[in-house]
Amino acid sequence: MGSKNRDLELARKLSRSVNANPSRRKTATRQGPTLSKTKAVIPVTSLRETRSVKRARLSNGSQYSSTCTSSHGSPHPSPLEKVVSSTTSPLTPLSSSASSHTLEKSLIIKLRIAGRFLALAPWAIGHTTQTKCQDEDKSKSSGQKGTEEAVNTVQRQLQKSDTSELSSAIPTLVKRGRKRKASDELFTLEFQFSPKKLEDNHKPSSKAVPKSRIAKQLQPYHVNNQEGKPESYGSPPVWGDKRQQLCETLPYYRAYQSGAYTNGGIVYGFMVDKEVGVRDKFEEEVMIASVGGGRSRDIVSGKMVQTLDQDESRVAQAFERSMKDRQPVAVIAGRGNVLSPAKLPHYYNILDWFHVTNVWPERRNGVTTWCARLEKIDLATKSWWAPKDSPLVPETRHYGEMTSSASCILCKVVSKEIFNIGWACLNNACKDAYYHFAGGPYVDSQIDYNQDFMQERTPFGGIPSDPIAPPLLTKTDLETMGAFGFESICKQGIVCPECKCCSRRIEWQRWNCENPQCDFTYSIPHETIPIEDVISRSMTQPSKDVIRGGIRRGLRTLGHYDVSEYAIPGCEKDIGFVLHFQANGIINQQPDGPNDLFRQMQEFDFGLKRNPSRQKDSTGEVLTSHWAANWGAPYKYGVSVLSKGFDEAKPVIMKAVQRLTWAGKHAITDDIADFQPFNELLSIGYFEGTHIGYHDDGEKELGPTVATLSLGAQAVMRFRPKVKSGLGAKCTSGRRAYAEKNSKRNRDCVLQITLRHGDIVVMHGEEIQKLYEHAVDPQGELRFALTCRYVRPEMMANDAEREAARVKGTLPPDSDKYIYDGDINATLPPQTTSATNTIQAAMNVLEANILAGNISCEKVTEWAGKLLSSGPAAEAAP
Ligand SMILES: O=C(O)CCC(=O)C(=O)O
Ligand SMILES: [Fe+2]
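All of these numbers come straight from a predicted model, not from anything done at the bench.

A. Focus on empty space enclosed by the protein. What the rule picks out here adds up to eight cavities of 30 Å³ or more. A volume near 180 Å³ is recorded for the largest cavity. As for the largest cavity, its lining consists of 21 residues, of which Thr708, His774, Val776, Ala785 and Thr787 are closest to the centre. For the lining of the largest cavity, the secondary-structure elements that each account for two or more residues are strand E37 (680-687), strand E38 (692-695), strand E39 (705-712), strand E42 (760-764), strand E43 (772-778) and strand E44 (782-789). Counting residues per element, the lining of the largest cavity draws most heavily on E44, at four residues. Taken together, the residues of the lining of the largest cavity sort by class into 12 nonpolar, five polar and four charged.

As structure tokens, this is what we get:
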């Protein structure tokens, strides 16, 4: 069949189901409940529509259409039909003939498109299916871009529709697929059209579109909707301009993505920002808001939209739990919120403690949306966010329950009459839920809340809330906890006592208020942690090495180190290696060895700082988890770090450079001529609970060798192939089986090693950085990683940068005194009496426990075996 005939056939089939079905609600007769306090309601026969979705596979064999039938049997067109039937040309706007239909439900529309996506939309189905790709090269690369184009086209065409339901419908791409069939590329796009409830078996996964892909298309988050509002009565007790400031500072708000912060199924904090629902309220003492769940990021607008019914919304359950448990909930308002009664002075403003008084489901835009009503706990103090000139005590406040209730005759559940147009059952499980009002038909957008419901005030019977501004951490707090100052609690932000700005700990040594207008600064001096304390605490974490994905391990000895060598495969051949130099007691104990270096790293202020890793200077700015400072030739390692010349560096830095230079040189024995002495060192500090996520060290200006010295807590280092590494199905080597599993979702690490105090890791080979990425997770209170690289001056942007790299990266002549030889001839220094005494005391405890029968001799033998076979003990043994 030619494509034209196929179109006609398609149009004929579809026209059969295009007959309008007048809105059922107009003809529905309903008898509403008689209202009184908790009176039974007599429901009328519910006009329940029966919906059936009939899938007809169309003659061209590639699309689905669906029809829905009301209880009286007339076919009811689905949005898909309306869309498909109204099109003869891909660029024709949607026909107005569809305007008399309400959009009864969302559907998943599957498009299967051969060749390019360009200018394709649902109404183009039939024109292009199964046609051979016109431009094969473009189609191959069209993937993501073509998909976006298709989504945009769908959205644009919907907007042109003069049918309000259709023009406001939101196409959400829920799935995309790509198949190669003979010489054709087949793309499958599944759209869900909101707003309407989906047939159960059509529910798309809530993981609709992977966030990582969406992120690139997001609109700027920072919007100010406060223009023209009156000034506020007071100012917030706590505020911040960046989400991370709040999340790192406020124990009751750790939600980077969602509006509600829940922990253990309870809500502790709730943010209202620019996403505002139809009936949401933001008053002086009462908030009503949709509480989330069932939403996904709309690929076109970048906004969060309600796409799924929230039947099982976990967030709603958490609000219910908070209500039952009388848990205070801190409410935060973003400047994007249009409903605030007065101007919000900062981007994020903490309002006050509230308590949840009601949680219920309602229909908003045809989708079940869980809502919560929150009331301010402290009614004695005027809310700071009230307009400056408003009365001191709100006139619209009544203590005690005022709203009428009635019980539903069907489900017997009592519901409050929360809406202005009458009573409706609010039990989500009841067949009669969702606005079966006495008054008959209703217009969703005209429903509002009952004034009684808004004005009632409920006594809060819970435990008094913590201070909304957490107090500063003090030296005494740390002493009480036995903390040294590197524990995760010390990484938390502070609320500036002067201006109330939430301020992250950006500097290693101190907190500086992040409000540019405030110069408050605060520090608690660190205690020096003895190395054996750090080691013993971090050793309690089990860690297991992993070697797979075609990686092979060899062993050798270099200097006094046992070295594991991991050959790293590319698609066809090895592309480099990772060498793990394992330190031991002899190495660590030497003068200027790792123990000394660890202590010296704690003694000075190296200017370590956290730097923005994403969205610098915006509300979405995210600082790295770790602190860093750069020495020698400047370079940008993903995040940009200022660099001080080696001539300004403390001796500990130069000692590390010399040690790593020895390791780098000896690592690439076959290639020694290629070794470029390092001219840069990046020092990274990790507090407890901080890490460095997956990244590569493959900036274009860097040489092929990267060497890192680990000091302090042990850490797990992981490598995994990158998504676009080519270590996928294309691989032809024997590693294919692994590679095929290396899908985006299932990207396991291929190499996992445990880095202990004093260990050195050398990565060699540019391709390793291109095809793999690595991450490091320290497992204790304090760790430093000192990493050397060679920055190629010739790759710098201009003469000034080249000169800076040369000058700053030159080792000062006096650093020769730290030249390292791998401790090749080193021996264990004499044992100190204090160490011997400590061990003797531990032995006495062990012996006592054996005698008391608390520990078996087998266990002790097992421990002794482990000790003797591990490096330090083996070396220490005479
Ligand atoms: O902490 C570590 O051991 C690794 C640091 C790292 O990967 C880097 O500096 O690029
Ligand atoms: Fe790295």
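What follows continues from the structure just given.
B. Examining the coordination of the iron ion (ligand 2) more closely. Around the iron ion (ligand 2), the protein contributes the donor atoms His695 (NE2), Asp697 (OD), Asp697 (OD) and His774 (NE2), which lie 2.1 to 2.7 Å from the metal centre. Here the iron ion (ligand 2) binds six donor atoms, and the angle range of 50 to 172° at the metal identifies the geometry as irregular. Each donor residue of the iron ion (ligand 2) belongs to the same chain, with the gaps between them written as H-x1-D-x76-H. On the criterion of sequence distance, the pair formed by Asp697 in the loop between E38 and E39 and His774 in strand E43 is long-range, its members being 77 residues apart. A single burial state applies to Asp697 and to His774, both of which are buried.

C. Quick peek at the site of ligand 1. As a structural note, the neighbourhood of ligand 1 is formed by Leu682, Ile684, Tyr686, His695, Asp697, Thr708, His774, Val776, Arg783, Ala785, Thr787 and Arg789. Asp697 places a polar side-chain atom, nitrogen or oxygen, 3.1 Å from an oxygen atom of ligand 1. Here an oxygen atom of ligand 1 sits 3.2 Å away from a polar atom, N or O, in the side chain of His774. Taking 300 Å² as the accessible area of ligand 1 by itself, protein coverage stands at 99%. Where the shell around ligand 1 is concerned, the elements lending two or more residues are E37, E43 and E44. Looking at which element gives the most residues to the shell around ligand 1, the answer is E44, with four residues. Broken down by class, the residue content of the shell around ligand 1 amounts to five nonpolar, four polar and three charged.

D. Representation of the UniProt feature "binding site: 2-oxoglutarate" (unreviewed entry) in the chain within the structure. Within this numbering scheme, the UniProt entry marks Tyr686 and His695 as carrying the feature "binding site: 2-oxoglutarate" (unreviewed entry). Lining the largest cavity, from the residues named above, are Tyr686 and His695. Locating Tyr686 in the fold gives a position in strand E37. For Tyr686, the contacting residues outside a window of four places in its chain are Trp508, His626, His691, Ile692, Val776, Pro778, Glu781, Leu782, Arg783 and Ala785. As for its position among the elements, His695 is in strand E38. The class for His695 is partly exposed, based on a relative accessible area of 22%. What His695 contacts, discounting residues up to four positions off in sequence, is Glu773 and His774. For His695, the side chain forms a polar contact with the side chain of Asp697, separated by 3.2 Å.

E. Broad picture of the pattern of salt bridges. Under the counting rule described, the total for this entry stands at 33 salt bridges. In this structure, the salt-bridge partner of Arg373 is Glu375, at a minimum N-O distance of 2.6 Å. Judged by relative accessible area, Arg373 falls into the buried class, the value being 0%. Note that Arg510 is salt-bridged to Glu507, the shortest N-O span being 2.4 Å. Classification of Arg510 as partly exposed rests on a relative accessible area of 25%. Counted as one network, the salt bridges with shared partners bring together Glu285, Arg397 and Arg457.

F. Layout of the nonpolar core. Counting 65 residues, the largest nonpolar core has Tyr561, Phe581, Ile653 and Leu681 as the members making the most contacts within it. Aside from chain neighbours lying at most four places away, what touches Tyr561 is Arg556, Phe581, Gln582, Ala583, Ile587, Arg659, Trp662, Gly758, Ile760, Tyr820 and Gly822. Grouped together as the second largest cluster of nonpolar side chains are 26 residues, Tyr566, Ile692, Leu727 and Ile768 included.

Procedures and definitions
Residues numbered from 1 in each chain as written. Chains lettered and ligands numbered in written order. Predicted model: local features only at pLDDT ≥ 70, side-chain atom pairs only at ≥ 80, totals over all residues. Heavy atoms only, no water. 1 Å grid on protein atoms, 1.4 Å probe; cavity = no way out; pocket = protein on both sides within 12 Å on 5 of 7 lines; lining within 4 Å. Points joined across faces, edges and corners; volume = space filled by probe spheres on them. Helix = DSSP H or I, 4+ residues; strand = E, 2+ residues; numbered from the N terminus. Nonpolar A, V, L, I, M, F, W, Y, C, P; charged D, E, K, R; others polar. Donors = N, O, S within 2.8 Å, 3.2 Å for Na, K, Ca; no water. Tetrahedral: all angles 85-135°; square planar, octahedral: opposite > 155°, others 65-115°. Buried < 20%, exposed > 50% of the residue type's maximum accessible area, 1.4 Å probe, protein only. Near = heavy atom within 4 Å. Polar contact = N/O pair within 3.5 Å; in protein donor to acceptor, adjacent residues only side chain to side chain. Areas by Shrake-Rupley, 256 points an atom, 1.4 Å probe, with all protein chains shown as cover. UniProt positions renumbered as here; feature names shortened; annotations may be inferred. Contact = heavy atoms within 4.5 Å. Salt bridge = Lys/Arg side-chain N within 4 Å of Asp/Glu carboxyl O. Core = buried A, V, L, I, M, F, W, Y, C linked by side-chain atoms within 4.5 Å.

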